[in-house]
Amino acid sequence: MAAVAFTAAFALTATACGDDGSGAGGDKGKEGSGKGEITFWDNNGGVRTDVWKEIIKDFEEKNPDIHVKYVPIPAESVQSKYDTAIQGGGLPDVGGVGAAMLAGISAQDALEPLDQRLSESSLEGELNPGMVDSVRAAGGGNRLFTVPTSASNGVLYYRTDLFKAAGLDAPTTWGKFYEAAKKLTAKGDNKFGYTIRGGEGSIAQALDAAYGQSGIGSFWDGEKTTVNDPKNVEALKKYVALYKNNTPAADVNNDFKKMNAQWDTGQIGMLSHNLGSYTDHVKALGEGKFRGLPNPTTDAGVRVQVSNPVDGLGLFKSSKKKAAAWKFIEFAASHKSNSKWNKSAGAIPANTAASKDAWVNEAEPTKLAAAALNDGSLKVVQLPYYLPDWNTISKTENEPNYQKVLLGKMSAKDFLDTLAEQLNKAQAEWNDQNK
């Protein structure tokens with residue numbers, strides 16, 4: 001596993017940062033005494049609240065002089081919460097920061113570099129090198145701004161009972177995927193072969209489908225992105241044609257929560273999400289009615305996946321109790337805690353000892369995702385999380401455009417050409433600033 005490279009609403013009131021909750025981006029903060037109350041923002045609040053409360057309880061038993069104030073924030077609003085606090089104050093001491101938002105937060109001088117702390121801690125040499133490299137690259141490439149905790153690989157979930165009844169093979173290739181999407185659709189009975197993500201967070205999935213079918217293995221070709229390569233254009237065109245023909249019409253507005261809940265009703269054959277929803281599907285359907293596979297291969301046997309979403313814990317520079325906050329990060333990323341969290345989430349642990357625990361092989365999607373990385377059969381196209389404009393480009397600028405594509409108001413080519421133009425400009429600006 002050492003080679004593995006790789007969200008209940010909550011109304012926020014005043015949140016404490018160190019002593020008084022006044023910290024904003026750029027504040028220097030203090031080390032503190034290593035004691036007192038620290039504030040932790042969970043970037044997937046509600047979904048992972050129970051397991052975090054267990055870990056916090058364990059931590060406080062071992063560190064009775066430290067109290068962790070837990071603040072659960074839904075994944076879909078965490079970026080705006082961080083941005084607001086960076087500008088106006090109220091940052092936490094510790095917060096969950098996914099790779100996709102890391103560059104934007106670190107560029108605002110809000111996160112403490114962790115290289116030296118890690119090198120002097122019990123975690124040194126205990127974290128998956130590929131995940132460390134991923135979060136370092138996502139933060140700009142030079143410094144480490146989060147301690148990686150997990151990787152949640154993309155998975156194609158499919159209903160084994162529906163496939164068996166229809167006489168279909170497992171959707172291991174894109175050809176078999178499209179065959180199943182068509183055959184499992186009976187719109188008159190409100191049954192569909194697939195559910196497509198058209199709401200918030202849709203761009204990564206759309207690109208996953210495009211690159212997965214085209215077989216293109218790199219996001220950049222020199223200084224230009226490959227996102228609008230003709231092969232990707234044709235692949236995306238074929239993929240979006242599923243909408244309303246083999247997917248529910250509601251998909252155009254569905255984020256991952258609605259999409260997953262819709263699939264768990266049992267009326268849809270396939271779902272593309274990640275390892276993070278595995279345990280929820282088990283609760284809804286039972287282990288015998290579905291499986292989770294790595295991305296389908298091309299007919300030539302090439303398997304391509306867009307990025308490995310790596311999550312992590314960041315120490316905010318404005319914290320006035322950095323010593324205590326770092327103790328919590330160390331504990332959360334240690335073997336026992338990291339294994340407990342990832343087992344709950346069905347994700348791949350960043351702690352290399354935790355990645356060897358028995359449950360990893362017992363959870364089939366996790367086992368298969370890890371195997372696909374280890375056996376060299378998977379090409380990973382890394383999204384440019386390091387670009388400070390990535391989140392704005394992928395969300396604010398292009399999620400509405402992607403919905404236009406699904407609705408037939410914009411072509412796949414125009415969508416990808418627009419995205420490519422914005423990305424090429426952002427990359428050129430980033431290169432100029434980092435000469």
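About the criteria used
Residues numbered from 1 in each chain as written. Predicted model: local features only at pLDDT ≥ 70, side-chain atom pairs only at ≥ 80, totals over all residues. Heavy atoms only, no water. Pairing = 2+ DSSP bridges. Helix = DSSP H or I, 4+ residues; strand = E, 2+ residues; numbered from the N terminus. Contact = heavy atoms within 4.5 Å. Axes fitted to C-alpha atoms, helices over the stretch in contact; angles between N-to-C directions. Buried < 20%, exposed > 50% of the residue type's maximum accessible area, 1.4 Å probe, protein only. Right-handed = clockwise from strand over helix to strand, strands pointing away. Parallel < 35°, antiparallel > 145°, perpendicular 65-115°, else oblique. Left-handed = near helix turned anticlockwise from the far one by under 90°. Nonpolar A, V, L, I, M, F, W, Y, C, P; charged D, E, K, R; others polar.

Remarks on the sheet that holds strand β2 (residues 66–72)
Strand order across the open sheet formed by six strands is β2-β1-β3-β12-β4-β13, with mixed pairing between neighbours. In this open sheet, the two strands that pair with only one neighbour each are β2 and β13 (348–349). With respect to the sheet, helix α5 (residues 129–138) is in contact with β4 (147–151), β12 (310–315) and β13, its orientation differing from that of β4 by roughly 115°. Lying over the sheet, helix α13 (residues 335–345) contacts β4 and β13, oriented at roughly 35° with respect to β4.

Thoughts on the pairing of strand β1 (residues 36–42)
Counting buried residues in β1 gives five out of seven residues, a clear majority hidden from the surface. Summarising the sheet, β1 and β2 pair through seven bridges and their orientation is parallel. Pairing of Ile38 across the sheet is with Val68, part of β2. In terms of handedness, the path from β1 via helix α1 (residues 49–62) over to β2 forms a crossover that is right-handed. Both β1 and strand β3 (residues 94–96) contribute to a ladder of two bridges, which runs parallel. When the sheet's bridge partners are listed, Phe40 is paired in β3 with Val94.

Observations concerning the packing of helix α9 (residues 230–240) against helix α18 (residues 412–433)
With their axes 9 Å apart at the nearest point, α9 and α18 run at an angle of 130° to one another. With respect to α18, the axis of α9 lies oblique. Handedness of the crossing formed by α9 with α18: right-handed. The residues of α18 that touch α9, namely those facing Asn232, Val233, Leu236 and Lys237, are Ala412, Lys413, Phe415 and Leu416. Its residues assigned to classes, the contact of α9 with α18 comprises five nonpolar, one polar and two charged.

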